[in-house]
Amino acid sequence: MKMIGLKEIRQQKKLSQVKVSMDLNISREAISNYETGRRSPDVDMLVKMSDYFGVSIDYLIRGEDFSKKTI
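Quick caveat, the model's predicted, so the values are computed rather than measured.

Draft legend 1. The arrangement of the pattern of salt bridges in detail. Inspection of every chain in the model, using the stated rule, returns four salt bridges. Between Asp-58 and Arg-62 there is a salt bridge, with the nearest N and O atoms lying 3.3 Å from each other. Taken together, the positions of Asp-58 and Arg-62, both in helix H5 (residues 57-62) and four residues apart, correspond to about one turn of that helix.

Set out below in structure tokens:
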């Protein structure tokens, strides 16, 4: 699954893949793979990224907040 919001929020905050990977203690390749959908993070990493960027997990995955959806 391609994590659309991860790349968007990283670029909005002007952070490189290297900086994020160092801060989250994972490889730069892992961040790249998450952004392109070649690999998916586990739940613990999703929570860490959500806390790190200050956005919801739904935003990281879909690029939009769940609360903005209408039913």
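Draft legend 2. Broad picture of the confidence of the model for the protein chain. Per-residue confidence for the protein chain gives a mean pLDDT of 91; residues scoring 70 or more make up 92%. Ranking the elements of the protein chain by mean pLDDT puts H5 last, at 91, and helix H2 (residues 17-24) first, at 98.

Draft legend 3. Summary view of unusual backbone geometry. A positive phi angle, close to 55°, is found at Lys-14, a residue other than glycine. Here the phi dihedral of Asn-25 falls at roughly 60°; this positive angle occurs in a residue that is not glycine.

Rules used throughout
Residues numbered from 1 in each chain as written. Predicted model: local features only at pLDDT ≥ 70, side-chain atom pairs only at ≥ 80, totals over all residues. Heavy atoms only, no water. Salt bridge = Lys/Arg side-chain N within 4 Å of Asp/Glu carboxyl O. Helix = DSSP H or I, 4+ residues; strand = E, 2+ residues; numbered from the N terminus. pLDDT = per-residue confidence, 0-100.

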